[in-house]
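Residue strings, one per chain:
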Amino acid sequence: MAVRIVRLGTPRYRDEGLRFGTVRRPPRGVPKSQFAAQNWYDVWLPNLSPSDALFRQRPIAMDGSGWRAFERRFQAELKKPDQAHLLDALAALSHVTNFSVGCYCEDEARCHRSVLRQLLIEQGARIAR
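Here the structure is a predicted model, which means the values were calculated and not measured. (Residues numbered from 1 in each chain as written. Predicted model: local features only at pLDDT ≥ 70, side-chain atom pairs only at ≥ 80, totals over all residues. Heavy atoms only, no water.)

**Q** I'd love a proper account of helix α3 (residues 81-93), names of residues and values included.
**A** The terminal C-alpha atoms of α3 lie 18 Å apart, and with 13 residues this matches the ideal 18 Å at 1.5 Å per residue to within 8%. Turning to α3, its buried residues are Gln83, Leu87, Leu90 and Ala91. Taken end-on, α3 shows its buried residues confined to a sector of 100°, consistent with a single buried face. Seen from the open side of α3, the exposed residues pointing more than 90 degrees away from its buried face are Pro81, Asp82 and His85. (Helix = DSSP H or I, 4+ residues; strand = E, 2+ residues; numbered from the N terminus. Expected span 1.5 Å × (residues − 1). Buried < 20%, exposed > 50% of the residue type's maximum accessible area, 1.4 Å probe, protein only. Arc of directions from axis to C-beta.)

**Q** Can you explain the layout of surface pockets? Please cite residues and give values.
**A** Counted as a void, the largest pocket has a volume near 190 Å³. In this structure, the largest pocket is lined by Thr22, Val23, Arg24, Arg25, Ser49, Pro50, Phe55, Cys103, Tyr104, Cys105 and His112. Here the residues of the lining of the largest pocket sort into six nonpolar, three polar and two charged. (1 Å grid on protein atoms, 1.4 Å probe; cavity = no way out; pocket = protein on both sides within 12 Å on 5 of 7 lines; lining within 4 Å. Points joined across faces, edges and corners; volume = space filled by probe spheres on them. Nonpolar A, V, L, I, M, F, W, Y, C, P; charged D, E, K, R; others polar.)

**Q** Go over the sheet that holds strand β2 (residues 18-21), please, and point to the residues and values.
**A** On the basis of which strands lie adjacent, the open sheet formed by four strands has the order β1-β4-β2-β3 and parallel pairing. Edge strands, defined here as strands with exactly one partner in the open sheet, are β1 (3-7) and β3 (43-44). Sheet topology note: the β1/strand β4 (residues 99-103) ladder contains five bridges and is parallel. Bridge pairing links isoleucine 5 to valine 101 in β4. (Pairing = 2+ DSSP bridges.)

**Q** I'd love a proper account of the pairing of β4, names of residues and values included.
**A** With five of its five residues buried, β4 lies for the most part within the structure. Of the two faces of β4, the one lined by Phe99, Val101 and Cys103 and the one lined by Ser100 and Gly102 are each fully buried. Across four bridges, β2 lies against β4 in parallel orientation. Along β4, the bridge assignment pairs glycine 21 with glycine 102.

**Q** Hey, could you go over helix α2 (residues 64-78) for me, with residue numbers and the actual values?
**A** Here α2 spans 21 Å end to end across 15 residues, near enough to the 21 Å set by a 1.5 Å rise per residue. Along α2, the residues classified as buried are Gly66, Trp67, Ala69, Phe70, Phe74, Glu77 and Leu78. Residues of α2 that are buried in the fold lie against α1 (52-57), α3 and α4 (112-122). (Contact = heavy atoms within 4.5 Å.)

Spelled out as structure tokens, the structure:
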């Protein structure tokens, strides 16, 4: 049992389980009825994506210091009660079932899902490799 951190829209892993989309917006041009069938996500979880205000700053966040600032701001957002409770729930869930969380970014190293990965680890989640 574990959580896998994935890029949405990619083929699913064997026994991946439910796929949570931690994105602010649904995939463009894809009917809602096709989100799961096209490997985007089964459940939309926008509360674990960067806020609109922070997301607008994201293009600036690609250099080293800009990225670190983005990480700090996003971590602060994830400490709010609603987001913190979701992270706690996902960490606990990773001990009883397989599932995945993800977003659209190609490079996880410069993506909010790298922050989610780290916070889930800190919460005691089991992370699939």
